[in-house]
Amino acid sequence: MADVRRRIAAGVGAVVLLAAVVLAGTATGTAAAATQASSAAREGGWTCPGTPVPTGYVITAFDRNGCNGRGAWLQQPVRDGIWTCSGSPIVPGYVIAAYDRNGCSGVGAWFHRLARDGMWTCSGSPIVPGYVVTGYDRNGCTGIGAWYHQLVRNGIWTCPGSPIPAGYRSTTYNATGCNGLGAWYTIRA
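Nothing here was measured: the structure is a model prediction, and the numbers come from that model.

1. Here's the deal with the pairing of strand S3 (residues 72-77)
Note that strand S1 (residues 45-47) and S3 share three bridges and pair antiparallel. Paired with Thr-47 across the strands is Trp-73, a residue of S3. Two elements, strand S2 (residues 57-63) and S3, share six bridges in a ladder whose sense is antiparallel. Bridged to Asp-63 within S3 is Ala-72.

So, in structure tokens, the structure goes:
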């Protein structure tokens, strides 16, 4: 009877050991797959529609025939001076400085730049915190309109829709400012 118990215990021990090996292999395989997936996201690459764009990445190319005819998108890390496809995220700190309606295989392309004082951006571009809009050109950015961005400072005229950063307030209005849209004199609060 003792011999039977030892054999059962040995069998149970072998099953437990086998299960541990299988589970460890599964965990290792899952971890490897997760590492491989996150590595692929870090490196960018071609993706199918609906694939999330990782933080800090933009969409830079479109292949109409990719993903079995559904189209494929190339994801790359953002950098100053990169063209992106329409629909690409705009990474915080960046603005859109040019537009090409034929770019990105015909879906349209936007030129991303790091925000800096004294630059023109296309209509629809984000306004980076600490900046205000001080000029407007209705023909700029290939005809879609452009806005002039400057760092906020005491005594600057701002256009309609411009943010007024904390610590500042708008006072006097000039109807002819901002290329006829009107402008407000902005001072420290």
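2. Some points on the sheet that holds strand S5 (residues 94-100)
Within a sheet, neighbouring strands are paired by backbone hydrogen bonds and run either parallel or antiparallel to one another. Overall, antiparallel pairing links the three strands, which are arranged S4-S6-S5 in an open sheet. Edge positions in the sheet fall to strand S4 (82-85) and S5, since each of these pairs with one other strand and no more. Shown here is a sheet whose adjacent strand axes are inclined to one another by a mean of 35°, direction ignored. Relative to strand S6 (residues 109-114), S5 runs antiparallel, the two sharing six bridges. Looking at S6, one finds that Ala-98 is bridged to Phe-111.

3. With respect to the state of the cysteines
Using the criterion set out here, one finds four disulfides in the structure. Bridging Cys-48 to Cys-67, the disulfide has an S-S length of 2.0 Å. Because the sign of the S-S torsion sets the handedness, a value of about -95° for the bond joining Cys-48 and Cys-67 places this disulfide among the left-handed ones. Pair noted here: Cys-48 is in the loop between S1 and S2 and Cys-67 is in helix H2 (residues 66-69), with a separation of 19 residues, a long-range link. Each sulfur of the disulfide joining Cys-85 and Cys-104 lies 1.5 Å from the other. Taking the sign of the S-S torsion, about 45° here, the bridge from Cys-85 to Cys-104 comes out right-handed. Of this pair, Cys-85 sits in strand S4 while Cys-104 is found in the loop between S5 and S6, placing the two residues 19 residues apart along the sequence. When sorted by exposure, Cys-85 lands in the same class as Cys-104, which is buried. Regarding the disulfides, the chain carries the connectivity 1-2, 3-4, 5-6, 7-8 under sequence-order numbering of its bonded cysteines.

Calculation notes
- Residues numbered from 1 in each chain as written.
- Predicted model: local features only at pLDDT ≥ 70, side-chain atom pairs only at ≥ 80, totals over all residues.
- Heavy atoms only, no water.
- Pairing = 2+ DSSP bridges.
- Helix = DSSP H or I, 4+ residues; strand = E, 2+ residues; numbered from the N terminus.
- Axes fitted to C-alpha atoms, helices over the stretch in contact; angles between N-to-C directions.
- Disulfide = S-S within 2.5 Å.
- Buried < 20%, exposed > 50% of the residue type's maximum accessible area, 1.4 Å probe, protein only.

So, to be careful, I would describe these as geometric facts and stop short of saying anything about function.
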